[in-house]
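# Close look at the chain arrangement
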2 protein chains.
Amino acid sequence: MSAKPVINYGLDGIYVDESSISKVDGLNGKLWYRGYSIESLADQSNYEEVSYLLLNGKLPSSKEYEEFTKKLKERSDLPKEVIDLIKVMATKSHPMDVMRTATSMLVMYDKDPNNREPTSTLDKIVTLIAKTASIAAATGRFRENKEYIPPDPSLGHSANFLYMLTGKKPNEFESKLIDLMFILHAEHSTNASTFSVLVTASTLADVYSATTSGIGTLKGPLHGGADEAALSMMNAIGDPKNTEKYIEEALEGKQRIMGFGHRIYKTYDPRAKIVRRFLDESLAKEPSDEVKRLLQIALRAEKMMVEKLGATKGIWPNVDFFAGPLYRVLGIDGHLFTPIFVASRMAGWGSHVVEYWGNNKLVRPVEWYVGSLDLPYVPIAQR
Amino acid sequence: MSAKPVINYGLDGIYVDESSISKVDGLNGKLWYRGYSIESLADQSNYEEVSYLLLNGKLPSSKEYEEFTKKLKERSDLPKEVIDLIKVMATKSHPMDVMRTATSMLVMYDKDPNNREPTSTLDKIVTLIAKTASIAAATGRFRENKEYIPPDPSLGHSANFLYMLTGKKPNEFESKLIDLMFILHAEHSTNASTFSVLVTASTLADVYSATTSGIGTLKGPLHGGADEAALSMMNAIGDPKNTEKYIEEALEGKQRIMGFGHRIYKTYDPRAKIVRRFLDESLAKEPSDEVKRLLQIALRAEKMMVEKLGATKGIWPNVDFFAGPLYRVLGIDGHLFTPIFVASRMAGWGSHVVEYWGNNKLVRPVEWYVGSLDLPYVPIAQR
């Protein structure tokens, strides 16, 4: 019997690969996609460019951009069987269950699903980016017993998603806001969902299998579900003037508050900083009472963290905290937050698969066995 | 810039948890489920008992066994919408794609899918064990344009699977053989698929999400697909007398030969040893010419490994090697091997989820960033 080895619970601090896709600097609150700061991309780029950048390692030329966006538009519509599946599930299951199942089903439209050549993989990912946004939108429609809306090729990718969900073409402000959310959720190194994509890909399973694993993993409340949970908390606070008291009591009770603090960021999440300004802008646009209250709660909570909790407890706002109120500005239901996360993150997941397959190694860790050995089998009559 | 850390490619040798579910002793070729040797379970137990043992940590009493098998029988039938989905996909996709999608869809029949209490989780796993076997069988039927066969409650779990697939009640020999395959595939510590189940579960996502990840991961040719690949090789060998020459040439060409050698077992895989005797028994039963050839090839290859390759190259037969010919004895198509693996392994996956949630830790490893930083954003017109 050997001595008990070090057990790396949660693989905390364990390096699993080298990567040139994104860097998260948690101490200084910085994030880069392929070397470009998230601020520069949020201000000057759009989701189509950012996806191209993540997948191909460089920003597209005009011609490359045109081809890429053309593919996205052409592939945004959903096959009939997938629409049928979404309709069957949408009123009975969480939209993430629908997303996981419908994405898994997409494999049947690929004539060569196991082709792992980089060009083929990249092409499959473009399909997945296009269709997962439409799956999210269709799920939102069917949940409310509304009809499926086919894509509008005159719109950009994220604006088209909003159109397919709401039936209204978004204005400039709404288009900018939804695109920003897509950009900010596109990639974040090997968090649990991206890592699960890689574990699946490491057996040389296809991209549909790998990203389906990512969706299931993102569903968990410790991961992708945080923005929906943060919104629930804001709804529980109800009146903006209760914000500080509610948070103080929650912190004293040592409750986990969703959207507060982050495993990696030990300062203001740079993505949260970027969407922060949309809170004021949205308030200025005279939203509904519900949205107004949510925005005010978010602003008061943010103030509390920046002026007090950050310095004393290292608790800073993260992107999940502001996402909820801002999605509500766009009229998006809480249950759709994580499916939108999926549609955006598809670019990051796909980039990681292509990179990992460039130097693939089957993921096969070990466990330390602490059970019995050589128990005698006793027949059932004598048990 | 810090120095490059150790990168744990494939998490080789990295301990991720403690476990009392199974122990694999790769050096001595031994395997225990919950402390019971795989030989004692293969000889004296059956799949229902083994599943109960894995899930509950002890062998069932007569009363517990009765309740457990009753649940399995009651839940083996498939809902209409799932049958429809399988029918839509079965002729267009690999059965593992069907299995992944249909299992993901099962969540919609669970009224409380996110309940993570151990009793609820165990109950969901019983449903998944029951229905994944039926999904595999139905997929096999629809691939050949045959009708769905509802379960026969007079049969044991694995025999019922064979009945739902072939429409014939298996004889004693066939029942023993399929049950053995189910037992031998039920659990094998944290290989890639089981680990991917845990990564997904670690975000507190539901059991359907977690096992769906396992299915996608098991699909990969480096993992669950090995028995199907081994069968393809035997078909390529064609004539038994070509066996040795084919293998020698393959080894010289440094090709990976499926079913030969194992990442963990450095000697004869104990599961392979158990099924080994069924090769002779099956031959004695005057099978079809195709099956006879496969069995003879398997026997000659085994002899070669035991007498020569084991000592010189450490290459021993593993369970995937014999699985193919024996499944063919039962009339099972190669495409269904991995779905059967899923149906059997569901017991192991479920056991790991219950155990992991007892001391849950979000899996979040890190990557070593090797890309650029602070690249200047250049507008598209100037690229």
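Bringing the overall build of chain A into the picture now. From N to C terminus, chain A includes 16 helices and 5 strands. In terms of overall size, chain A behaves like a compact globule, its C-alpha atoms giving a radius of gyration of 22 Å where 383 residues would be expected to give roughly 21 Å. Residue burial in chain A is summarised as follows: out of 383 residues, 62% are buried. Sequence-distant contacts, at least 24 apart, represent 74% of the contacts inside chain A between residues at least 6 apart. Within the structure as shown, chain A displays about 14,300 Å² of accessible surface, and the carbon and sulfur contribution to it stands at 49%. Mean positive and mean negative side-chain charge positions of chain A (47 and 48 charges, respectively) differ by 3 Å.

Moving on: helix H14 (residues 289-313) of chain B. A turn of α-helix holds 3.6 residues, and therefore any two residues three or four places apart point the same way. Residues and elements named next belong to chain B. Of all the bends in H14, the greatest, near 50°, is centred on Met305. Within H14 the residues assigned to the buried category are Val291, Leu294, Leu295, Ile297, Ala298, Leu299, Ala301, Glu302, Met304, Met305, Leu309 and Gly310. In the core, the buried residues of H14 are packed alongside helix H11 (226-237), helix H12 (243-252), helix H13 (270-284) and helix H15 (319-329). Phi for Gly314, located one or two positions after H14, is positive at around 65°.

With that settled, the discussion passes to the sheet that holds strand E2 (residues 22-25) of chain A. Residue and element names in this part refer to chain A. With antiparallel pairing, the 3 strands of this open sheet are ordered in space as E2-E3-E4. Because the sheet does not close on itself, it has two edges, and the strands there are E2 and strand E4 (36-37). Relative to strand E3 (residues 30-33), E2 runs antiparallel, the two sharing 4 bridges. In the sheet register, Lys23 faces E3, and the bridge partner there is Trp32.

Right, let's get into the packing of helix H5 (residues 95-105) of chain B against helix H16 (residues 337-357) of chain B. All names here are of chain B. Look at H5 against H16: their axes get within 8 Å of each other, and the N-to-C directions meet at 30°. Between H5 and H16, the interaxial angle falls into the category roughly parallel. The element H5 and its partner H16 pack so that their crossing is right-handed. Residues Pro95, Met96 and Met99 of H5 touch H16, and the partners they reach there are Thr338, Pro339 and Val342. When the residues that make up the contact of H5 with H16 are grouped by side-chain class, the tally is 5 nonpolar, 1 polar and no charged.

A common measure of how large an interface is: the accessible area buried when the components associate. The interface of chain B with chain A comprises 101 residues on the first partner and 101 residues on the second. Summed over both partners, the interface of chain B with chain A comes to about 9,200 Å²; 60% of that surface belongs to carbon and sulfur atoms. Taken together, the links from chain B to chain A amount to 8 salt bridges. Run the count over chain B and chain A and you get 62 residue pairs in polar contact (both at pLDDT 80 or more).

The subject of this paragraph is the relation of the copies chain B and chain A. Each copy superposes on the other: chain B lies on chain A with an RMSD of 0.0 Å after a rotation of 180° and an axial shift of 0.0 Å. A rotation of that kind, with that shift, is consistent with a two-fold axis. Minimal C-alpha distance to the rotation axis in chain B is attained by Ser213(B), lying at 2.2 Å. Same-surface contact between copies: 100% of interface residues of chain B are shared with the interface of chain A.

Take unusual backbone geometry next. All names here are of chain B. Even without being a glycine, Asn145 presents a positive backbone phi close to 55°. Inspection of the secondary structure assignment puts Asn145 in the loop between helix H6 (118-143) and helix H7 (157-166). A positive phi angle, near 50°, is found at Ser189, a position not held by glycine. The topology assignment puts Ser189 in the loop between helix H8 (172-184) and helix H9 (192-201). With a relative accessible area of 9%, Ser189 lands in the buried category.

Turning to the sheet that holds strand E3 (residues 30-33) of chain B, a few remarks are in order. The strand order E2-E3-E4 (chain B) describes an open sheet built from 3 strands, whose pairing is antiparallel. A strand with exactly one partner marks an edge of an open sheet, and here the two such strands are strand E2 (22-25) and strand E4 (36-37) of chain B.

What follows concerns the confidence of the model for chain A. When pLDDT is averaged along chain A, the result is 95; 100% of the residues meet or exceed 70. Reported confidences for the modelled complex are a pTM of 0.97 and an ipTM of 0.96.

Inspection of every chain in the model, using the stated rule, returns 17 aromatic pairs over all chains. Both rings, one in Phe161(A) and one in Phe182(A), keep their centres 5.8 Å apart while their planes meet at 50°; by these two values the pair is tilted. Highlighted residues: Phe161(A) in helix H7 (residues 157-166) and Phe182(A) in helix H8 (residues 172-184), separated in sequence by 21 residues. By relative accessible area, Phe161(A) is classed as buried at 1%. For Phe182(A), a relative accessible area of 0% corresponds to the buried category. Judged by centre distance (5.7 Å) and plane angle (65°), the rings of Phe321(B) and Phe322(B) are edge-to-face. The class for Phe321(B) is buried, based on a relative accessible area of 0%. Clustering of aromatic rings is evident, with ring pairs tying together Tyr47(A), Phe161(A) and Phe182(A). The cationic tip of Lys285(A) hangs over the ring face of Phe173(A); the distance from NZ or CZ to the ring centre is 4.5 Å.

Calculation rules
- Residues numbered from 1 in each chain as written.
- Chains lettered and ligands numbered in written order.
- Predicted model: local features only at pLDDT ≥ 70, side-chain atom pairs only at ≥ 80, totals over all residues.
- Heavy atoms only, no water.
- Helix = DSSP H or I, 4+ residues; strand = E, 2+ residues; numbered from the N terminus.
- Rg over C-alpha atoms; globule rule 2.2 N^0.38 Å.
- Buried < 20%, exposed > 50% of the residue type's maximum accessible area, 1.4 Å probe, protein only.
- Contact = heavy atoms within 4.5 Å.
- Areas by Shrake-Rupley, 256 points an atom, 1.4 Å probe, with all protein chains shown as cover.
- Lys, Arg positive; Asp, Glu negative; His and termini not counted.
- Charge placed at Lys NZ, Arg CZ, Asp CG, Glu CD.
- Bend = angle between axes of the 7 residues up to and from the residue.
- Pairing = 2+ DSSP bridges.
- Axes fitted to C-alpha atoms, helices over the stretch in contact; angles between N-to-C directions.
- Parallel < 35°, antiparallel > 145°, perpendicular 65-115°, else oblique.
- Left-handed = near helix turned anticlockwise from the far one by under 90°.
- Nonpolar A, V, L, I, M, F, W, Y, C, P; charged D, E, K, R; others polar.
- Buried area = accessible area lost by both parts, 1.4 Å probe.
- Salt bridge = Lys/Arg side-chain N within 4 Å of Asp/Glu carboxyl O.
- Polar contact = N/O pair within 3.5 Å; in protein donor to acceptor, adjacent residues only side chain to side chain.
- Least-squares fit on C-alpha atoms with pLDDT ≥ 70 in both.
- pLDDT = per-residue confidence, 0-100.
- Phe/Tyr/Trp six-rings, centres within 6.5 Å; stacked < 30°, edge-to-face > 60°.
- Lys NZ or Arg CZ within 6 Å of the ring centre and 35° of its normal.

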